[in-house]
Amino acid sequence: MTDDRPGPRRTPAELLRRLRLRHATDPVTHVERVPARAGESAPWPGWAPEDLRAAFARRGVVAPWRHQTEAAELAYAGQHVVVATGTASGKSLAYQLPALSTLLTDPRATVLYLAPTKALAADQLRAVAGLELDGVRPATYDGDTPRAEREWIRRHARFVLTNPDMLHHGILPGHAHWSGFLRRLAYVVVDECHTYRGVFGSHVAHVLRRLRRQCARFGRTPVFLLASATSGDPATAAGRLTGLPVTAVTEDTSPRGGVTFALWEPPLLPVGDATPEADLVSVRRSALRETADLLTDSVVEGVRTLAFVRSRRGAEVVAANARRALDEAVPGLGGRVAAYRAGYLREERRELERALLRGDLLGLASTNALELGVDLVGLDAVLICGWPGTRASLWQQAGRAGRGGEALAVLVARDDPLDTYLVHHPEALFGRPVEATVLDPANPYVLAPQLACAAHEAPLTPADLDLFGEGAKEAVDSLVEAGALRQRPTGWYWRHRERPEVDLRGEGGAPVCVVEESTGRLLGTVDGGSAHFLLHTGAVYLHQGVSYLVDALDLADGCALVHAEEPDWSTHARDVTSLSVVSVRSYTDAGPVGLFLGEVDVTSQVVSYQRRRIATGEVIDTRPLDLPARELRTVAVWFTLSPESLARAGVDAADVPGALHAAEHAAIGLLPLIATCDRWDIGGLSTALHPDTEAPTVFVYDGHPGGAGFAERAYGTAAAWLRATRDAIVECGCETGCPSCVQSPKCGNGNNPLAKPEAVQVLDVVLANLADGSSDGGVAGGPGVGGAADGPGAGGGVTSGAGRGGVLPRQDDRTARRSTAGGPTG
Ligand SMILES: [Zn+2]
Ligand SMILES: [Zn+2]
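Residues numbered from 1 in each chain as written. Chains lettered and ligands numbered in written order. Predicted model: local features only at pLDDT ≥ 70, side-chain atom pairs only at ≥ 80, totals over all residues. Heavy atoms only, no water.

Asks: Before we move on, could you go through the overall build of the chain and cite the residues and values that matter?
Replies: Regarding its fold elements, the chain presents 24 helices and 27 strands. Residues counted as buried form 60% of the 826 residues belonging to the chain. Taking the intrachain contacts of the chain between residues at least 6 apart in sequence as the baseline, contacts between residues at least 24 apart amount to 76%. Carbon together with sulfur atoms contributes 51% to the accessible area of the chain, which is approximately 30,300 Å² in total. (Helix = DSSP H or I, 4+ residues; strand = E, 2+ residues; numbered from the N terminus. Buried < 20%, exposed > 50% of the residue type's maximum accessible area, 1.4 Å probe, protein only. Contact = heavy atoms within 4.5 Å. Areas by Shrake-Rupley, 256 points an atom, 1.4 Å probe, with all protein chains shown as cover.)

Written as structure tokens, this is what we have:
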């Protein structure tokens, strides 16, 4: 193509009309018009120093948006506050305003800023340093900070940017060196606080309590300023995270362009086209292929388009397919599409941005890396290949288009129950409460090690038990019993010389080191619980976007030896699982149906893995593994049904195992709708007769020692959750079950048996009985949207069936992120 100008500019509606023409049946299930919004600004607070206003003005901020001043005023008045608004709504300014004002007016005050990643802290440092304010002295303090600089930072920096890991491993244990900083601490900024969820979030909650305790020793009570993506009930989540009463500011008053948002379901393939050897390969057109085609068509129309794909491989496949198709249409046109990779240098990113702005590039396929740190504006269309996990991410990605103009966004569904549900339930995406961030600071597996850390920092007193909250006394008693703490009249003392070894992000066993064999370089660590899935011999392991192949996993030495290689297949580990009930915490007796929440022991063993082609999902082979079994004590939600009720509903006894199994798969797939987990955080197991319940039973459990709050949330919202599960199955157009409804990409039983219509009957029985006054209480708004059907690979296959007849629990759907490379459906 010789003409370098972008083609004719189409309105979003025109473009969408053209895209829809590509299939005989209309793939669009819903079109939502999100209107443009005018911004609502507010005057600067009277207390904001002139220097600061001038600095913001130099950056182009003439006046803050109303929600920014609202949050800033609250914080400045001493209230803990969380700002939970959309992308690009200026959350940074909301916390910078009070924090920097205080630093400028009180020459002694200090501020601690926490980000979930080093990269984000570095971005934030650039932003604060760029304001060029006298005496603020911002500095990052993390694992990369040179020793030589650390002391200077501790003594002189007044705006310290770090992450929870560094706070936990470095600052709090070394609090004596930080006393000058902590005794003057005015604000603690917790950025992107929605990322602190599940077990990691529960750990961070206690790290913040430890920080509060150290400050309290100096009589200091810093104000917490939190920033969150849009989430359900952010005040409660922030309150759980900090242990403090927190006021939420949620109304977004920043301006926004209008978006035409289409939900797109790729058509089912004719039966003959599905690959026969794979039970799980999608029977729909893959979302990757569909996205590549849409990108091609958009570029042909001259529309600047960005496609978000979940994996790096997937992004490359989309870009390559689009380039090929474009070159076939018009030789040379393919050169106007590129793939964007995580790990690009700043300068490379800037060059891509410029090429897009100039119109040299018309199409870009990217991983989520673009969500952070790249400023692309002026795009006309965004294609989102697969549900990105949370509504916040969805809007973040869609928000890339149409700054200042009308834009088109298309969510292309993957072959997965959650994606399918969402494209058929637009009300769950648009104008509904968003998912809540779930964490459980009372988890004894988190609380005990955190109390050990606290005791190491300073002896625990009875008053501290209140600070650490529910379960703290029991945890302290267990530590005393285990010989970790000694009780004295003045409190509980850590008995050892060494610090307790606690990893905020890991759990269950010592971490396994990932070592590049040829160079001896340590690439990183994986927690012991996930190592069997991620680092088994033969696994494809992704580290910061680079692909490695595991040559050997040495559990005795705690290391995996790898070499860099980027094969065109991904690996998917399989396990066998059994489960026993330890105790029941809570239950609902609903006639023939019982609903339970309790503790369970799960035993599982990784027994094999599959290799699958990334582009097609085709199963190449299944290879055995020899790894030991592991035990997990965790929290589960389960329901039982009487065999009679199933018979009355018309479920044949022979179909009961398949019906329960199918219901369980779909239920796991839909749980992210009500809690911010993803399906790899939870496991499930179903059986026509469980020895502990003596009834047909479906279990869904947290895949983390001690639980992570997901099963608890499922129990509390059971009717809404199972109603969505039922609807997802009913509404799927397939006949006998597919990955969009009852098949699972990580089934330990090779998706066998599955009985789709009977699964609906099972859920109808449960819902009919539960609806009569049971545990659905307190579920505001039913399904919000949420979670993250992140399983990068779909498709699956068969491993050894462990079940003895239909009686034994069906091994299943374990946990941990076990697909190790980008999968066929993105
Ligand atoms: Zn289906
Ligand atoms: Zn299964």
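Asks: Can you tell me about the environment of Ala 99, naming the residues and giving the values?
Replies: Relative to the assigned elements, Ala 99 resides in helix H4 (residues 91–105). When the C-alpha positions of Ala 99 and Ala 109 are compared, they lie 9.3 Å apart, and in sequence the two are ten residues distant. Other than its neighbours up to four places away in sequence, Ala 99 contacts Val 111, Phe 159 and Tyr 187.

Asks: Lay out the sheet that holds strand E14 (residues 407–412) with the relevant residues and their values.
Replies: As summarised here, the arrangement of the seven strands in space is E1-E9-E14-E13-E10-E12-E11, forming an open sheet in which the pairing is mixed. Edge positions in the sheet fall to strand E1 (28–34) and strand E11 (337–340), since each has one partner strand and no second. Averaged over all pairs of adjacent strands, the angle between their axes in this sheet comes to 15°, without regard to strand direction. The sheet strands contacting helix H12 (residues 312–329) are strand E10 (305–309), E11 and strand E12 (363–366), and the helix crosses E11 at an angle near 175°. (Pairing = 2+ DSSP bridges. Axes fitted to C-alpha atoms, helices over the stretch in contact; angles between N-to-C directions.)

Asks: Tell me about the coordination of the zinc ion (ligand 1), residues and numbers included.
Replies: On the protein side, the zinc ion (ligand 1) has Cys 732 (SG), Cys 734 (SG), Cys 738 (SG) and Cys 741 (SG) as donor atoms, found 2.2 to 2.4 Å from it. The site at the zinc ion (ligand 1) holds four donor atoms, and with the angles between them running 98 to 118°, its shape is tetrahedral. Mapped onto the sequence, the donors of the zinc ion (ligand 1) take the spacing C-x1-C-x3-C-x2-C. No difference in accessibility class separates Cys 732 from Cys 734, as the two residues are buried. (Donors = N, O, S within 2.8 Å, 3.2 Å for Na, K, Ca; no water. Tetrahedral: all angles 85-135°; square planar, octahedral: opposite > 155°, others 65-115°.)

Asks: Summarise helix H5 (residues 118–129); cite the residues concerned and give the values.
Replies: Taking 1.5 Å of rise per residue, twelve residues should cover 16 Å, and H5 covers 16 Å from first to last C-alpha, within 8% of that figure. Considered for burial, the residues of H5 that qualify are Leu 120, Ala 121, Gln 124 and Val 128. Taken down its axis, H5 places every buried residue within 100° of arc, on the same side. Contacts from the buried residues of H5 go to H4, strand E3 (110–114), strand E4 (138–140) and strand E5 (159–162). N-cap assignment for H5: the residue whose side-chain oxygen lies 3.1 Å from the backbone N of Leu 120 is Thr 117. (Expected span 1.5 Å × (residues − 1). Arc of directions from axis to C-beta. Polar contact = N/O pair within 3.5 Å; in protein donor to acceptor, adjacent residues only side chain to side chain.)

Asks: Explain the packing of helix H11 (residues 287–300) against H12 to me, and be specific about the residues and the numbers.
Replies: Interhelical geometry of H11 versus H12 gives an angle of 45° and a closest axis separation of 8 Å. Considering the angle they form, H11 stands oblique to H12. The handedness of the crossing between H11 and H12 comes out as right-handed. In this structure, H11 uses Leu 288, Thr 291, Ala 292, Leu 295, Thr 296, Val 299 and Val 300 to contact H12, whose residues at the interface are Gly 314, Val 317, Val 318, Asn 321, Ala 322, Ala 325 and Leu 326. Across the contact of H11 with H12, the residue classes break down as ten nonpolar, four polar and no charged. (Parallel < 35°, antiparallel > 145°, perpendicular 65-115°, else oblique. Left-handed = near helix turned anticlockwise from the far one by under 90°. Nonpolar A, V, L, I, M, F, W, Y, C, P; charged D, E, K, R; others polar.)

Asks: Provide a residue-level description of the pattern of salt bridges, including the pertinent values.
Replies: Following the criterion strictly, the structure yields 28 salt bridges and no others. Linking Arg 66 and Glu 40 is a salt bridge whose minimum nitrogen-to-oxygen distance equals 2.5 Å. Placement of the pair is Arg 66 in helix H3 (residues 66–76) and Glu 40 in the loop between E1 and helix H2 (50–58), with a sequence separation of 26 residues. What makes Arg 66 partly exposed here is its relative accessible area of 23%. Relative accessible area serves as the criterion here: at 35%, Glu 40 is assigned to the partly exposed category. Residue Arg 126 pairs with Asp 123 through a salt bridge whose shortest N-O separation is 2.4 Å. Of this pair, Arg 126 and Asp 123 both sit in helix H5, separated by three residues, roughly a single helical turn. With a relative accessible area of 41%, Arg 126 lands in the partly exposed category. Within the structure, one salt-bridge network assembled from shared partners comprises Arg 22, Arg 285, Glu 290, Asp 293 and Asp 297. (Salt bridge = Lys/Arg side-chain N within 4 Å of Asp/Glu carboxyl O.)

Asks: Explain unusual backbone geometry residue by residue, including any values.
Replies: The phi dihedral of Arg 137 falls on the positive side, at around 45°, and the residue is not glycine. Relative to the elements of secondary structure, Arg 137 occurs in the loop between H5 and E4. Taking the relative accessible area as the measure of exposure, Arg 137 reaches 37% and is therefore partly exposed. Even without glycine at this site, Glu 694 takes up a positive phi of about 55°. With respect to the element layout, Glu 694 can be found in the loop between strand E26 (682–687) and strand E27 (697–702).

Asks: Run through the pairing of strand E23 (residues 593–613), naming residues and quoting values.
Replies: Counting buried positions over the 21 residues of E23 gives 17, a clear majority of the element. Bridging between strand E22 (residues 569–590) and E23 involves 20 bridges; their strand directions are antiparallel. Residue pairing across strands places His 572 opposite Gln 610, the latter belonging to E23. Between E22 and E23, which follow one another and run antiparallel, lie two residues, and Gly 591 among them has a positive phi close to 60°. With twelve bridges connecting them, E23 and strand E25 (residues 630–641) associate as antiparallel partners. Residue pairing in the sheet places Leu 597 in a bridge with Val 637 of E25. Examined bridge by bridge, E23 and strand E24 (residues 619–624) share five bridges and lie antiparallel to one another.

Asks: Would you mind going over the sheet that holds strand E8 (residues 247–249) in detail, with residue names and values included?
Replies: As a general point, the strands of a sheet are linked pairwise by backbone hydrogen bonds and lie either parallel or antiparallel. Taken together, seven strands build an open sheet; the order of strands is E4-E5-E3-E6-E7-E2-E8 and the sheet is parallel. Looking at which strands have only one partner, the edges of the open sheet turn out to be E4 and E8. Direction aside, the axes of adjacent strands within the sheet are offset by 20° on average. Relative to strand E6 (residues 185–190), E3 runs parallel, the two sharing five bridges. Residue Tyr 113 lies in a different strand from E6, and its bridge partner there is Val 189.

Asks: Tell me what's going on with the packing of aromatic side chains, and back it up with residues and numbers.
Replies: Enumeration according to the criterion identifies ten aromatic pairs in this entry. Arranged with centres 5.4 Å apart and planes meeting at 85°, the rings of Trp 178 and Phe 181 form a pair that is edge-to-face. Of the two residues, Trp 178 and Phe 181, neither departs from the other in class, the shared state being buried. Ring geometry for Tyr 196 and Phe 200: centres 5.6 Å apart, planes at 65°, overall edge-to-face. For Tyr 196, a relative accessible area of 1% translates into the label buried. Here Phe 200 falls in the buried class, since its relative accessible area comes to 15%. Site record: aromatic cluster; members linked through ring pairs are Tyr 587, Phe 596, Trp 638 and Phe 699. (Phe/Tyr/Trp six-rings, centres within 6.5 Å; stacked < 30°, edge-to-face > 60°.)

Asks: Report on the environment of Thr 367, specifying residues and quantitative values.
Replies: Residue placement: Thr 367 occurs in the loop between E12 and strand E13 (381–385). Counting along the chain gives 18 residues from Thr 367 to Cys 385, while the straight-line C-alpha distance between them is 9.9 Å.

Asks: Give me the pairing of E12: which residues, what numbers.
Replies: With burial as the criterion, each face of E12 is covered, one bearing Gly 363 and Ala 365 and the other bearing Leu 364 and Ser 366. Looking at chain direction, E10 and E12 are connected through four bridges and run parallel. Within E12, the residue paired with Phe 308 across the bridge is Ser 366. In this structure, E11 lies alongside E12, joined through four bridges in parallel fashion. In the strand pairing of E12, Ala 338 is matched with Leu 364.

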